[in-house]
Amino acid sequence: MQRKEFELFDYFRGLVSEERIANYLLASSYLCYNPNGKLKDIAVSLISDLNVEQKETLYEFVKKYDDLEQIIDLYYSIKRKYAKYTGCMSANLQVNQLITKLLKLDDDETIFDLCSGDGEFLFQVCKESNKALKFKGIEINIDYNLISQLIFDLLEVNYSIKNGNALFENFDNYDKGFVFPPFGMKYTDDTYQKFLTVNKSLFNSRTTSEWFFVDRLINKMNCNGRSITLLCGKPLFSAADTEYRNHLLDNKLVEGIIELPAGVLSPFTGIQTTILIFSNNNENVKIVDGNLYSCKNKKSKEIEIDINSLVNDYFDCKCTLLSNNEVKEKNTFVVSNLTSKPKEIKFAKVLSSVANISQGSQYTISNFKDRITEEKTDYRILTSSEIDNGYINWDALLNIKNDDIKLLKHRLQKNDLVMTSKSSKVKIAVVDFEPEDNVIVTGGMFIIRPNTEEINPVFLKMFFESNIGIELLKSIQKGVVIPIITTSMLKELIISCPPIDDQNLYAKKYNSKLNMYIAMKKELEELEYTIKNFYESIIEE
């Protein structure tokens, strides 16, 4: 922050909350540079709680600037700094710059923002582009809408920003468009049918809400237009959205997918974000890993993107190109999954052809808390925390009182594999004996029951824990914050399945080395304990 900004904050420190200073600054600028403007009354109302001295201080401050864009930049800088208080979600400066370059703006075009907020994206376009543009937007929040109108009235550009609901408000066709939809908006089962979306038949009550906004945006795009959206997480891979993602690919609407590094949208969110670029008649989809064009500033610790290199490589097609059908086959818009190259697997078979795969009980340990007992019963529960280093800690399993026989379908048997489904590191263990009691697998885990005439359970564990196996499991994980493996993806996973006699031999050798490792590890732990307590043992003697 520059010296002049420090002076402003010092003056108001302790008098008003910092985030309100941004609005005071903008309103004062409007009244100073456009005192008879049509939005004068709005500007006056924004500083109505200030006394005469404070207003005069603000007027003197804004007069120090020669360029209105500098003042508006300062407004957005303050807003971003106090984002958690203002509640206005938007992309930051460099992401807006990147999107502006990807839109390829031309003279006399209409640039439209479906969820325009307080106008930050449209202002960045206005600032970055030297084209004569028409600026349009829709914003549901009346306060943000009025702020954006103040900004564009100050800039004296051709603008029209409506106050309305992006899912219900009608709007005209546009040339270049953008939307950063709200994350995971909740809606009732019948509400989505009332949205003014074009492809209602492709939606259902489980559709991720972000696609409603995307559908509204791209169906108003001119034939030679382009539009961009920012999406996080679930809409990129959710099975409930498969039909709509396929619709976009079948209609050749997806031009490119760019994965941005996690943290690039701080302070608004640390979640990894993806840019989707839409246009017409795309035979191939450009796939770009933005992590390859980014680094962390050593001083500020912020993520910095080499925007020019990324944009040049994108338009020069120096990136991964996949056909629409290839993207459909992978059933995801997650870049890391789209760009992963399958390794050649010897003796390849589909996992579900040699093993039965089921999920653990829908209940987690919290659902059993009222049934847990210290008494010995015929039922015990297994959670992921009891799996460590490829083994189940049987002594740690909790006894429960149970009269629900439906839980028995989640009971472990000899030769079963247990695998966690919700964790960054997948845990796997083999049940190498027949449990005497009913061990129930809880939520967040799979029970893989192999056909032992075709696949040895220990060999299967060996495969999953190999470098190839780890990569394969990672390639089918979905989710940003908590990686998840779905049953359908696991069933279709390709594994190695050599002749069973060879497997049995490999498993025997593996167990021999594993037992040796466990014995040596135990001996090492005992030695470490002895060294740590060596002084005490000598003194006591």
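Refer to the structure presented above.
Residues numbered from 1 in each chain as written. Predicted model: local features only at pLDDT ≥ 70, side-chain atom pairs only at ≥ 80, totals over all residues. Heavy atoms only, no water.

Asks: Explain the environment of Ile151 residue by residue, including any values.
Replies: In this structure, Ile151 sits in helix 9 (residues 142-155). When the C-alpha atoms of Ile151 and Lys131 are compared, they prove to be 18 Å apart, with 20 residues separating the residues in sequence. (Helix = DSSP H or I, 4+ residues; strand = E, 2+ residues; numbered from the N terminus.)

Asks: Before we move on, could you go through the sheet that holds strand 8 (residues 284-289) and cite the residues and values that matter?
Replies: The strands making up a sheet associate through hydrogen bonds between their backbones, and the pairing can be parallel or antiparallel. Pairing is mixed across the open sheet formed by nine strands, whose spatial order is 3-2-1-4-5-7-6-8-11. In this open sheet, the two edge strands, each paired with only one partner strand, are strand 3 (158-163) and strand 11 (320-323). Across the sheet, the mean angle from the axis of one strand to that of its neighbour is 15 degrees, orientation sign disregarded. Taken together, the four bridges between strand 6 (residues 254-259) and strand 8 define a ladder with parallel strand orientation. Bridge pairing in strand 8 links Gly256 to Lys286. Packing of helix 8 (residues 120-128) onto the sheet brings it into contact with strand 1 (110-113), strand 2 (134-139), strand 3 and strand 4 (174-179), and relative to strand 1 it is tilted by some 155 degrees. (Pairing = 2+ DSSP bridges. Axes fitted to C-alpha atoms, helices over the stretch in contact; angles between N-to-C directions. Contact = heavy atoms within 4.5 Å.)

Asks: Which residues make up a negative patch on the surface, and what values go with them?
Replies: On the surface, Glu523, Glu525, Glu526 and Glu528 cluster together into a negatively charged patch. Looking at where Glu528 falls in the secondary structure, it is placed in helix 18 (residues 500-532). Classification of Glu528 as partly exposed rests on a relative accessible area of 47%. (Patch = residues over 30% accessible without salt bridge, like charges linked within 9 Å, V, L, I, M, F, W, Y side chains within 5 Å. Areas by Shrake-Rupley, 256 points an atom, 1.4 Å probe, with all protein chains shown as cover. Salt bridge = Lys/Arg side-chain N within 4 Å of Asp/Glu carboxyl O. Lys, Arg positive; Asp, Glu negative; His and termini not counted. Charge placed at Lys NZ, Arg CZ, Asp CG, Glu CD. Buried < 20%, exposed > 50% of the residue type's maximum accessible area, 1.4 Å probe, protein only.)

Asks: Give me the sheet that holds strand 18 (residues 398-400): which residues, what numbers.
Replies: Sheet architecture is open: four strands sit in the order 14-18-15-21, paired in mixed fashion. Whereas interior strands pair on both sides, the edge strands pair on one side only; in this sheet they are strand 14 (372-373) and strand 21 (438-441). Sheet topology places strand 15 (residues 379-382) next to strand 18; two bridges connect them, and they run antiparallel. Bridge pairing in strand 18 places Arg380 opposite Asn399.

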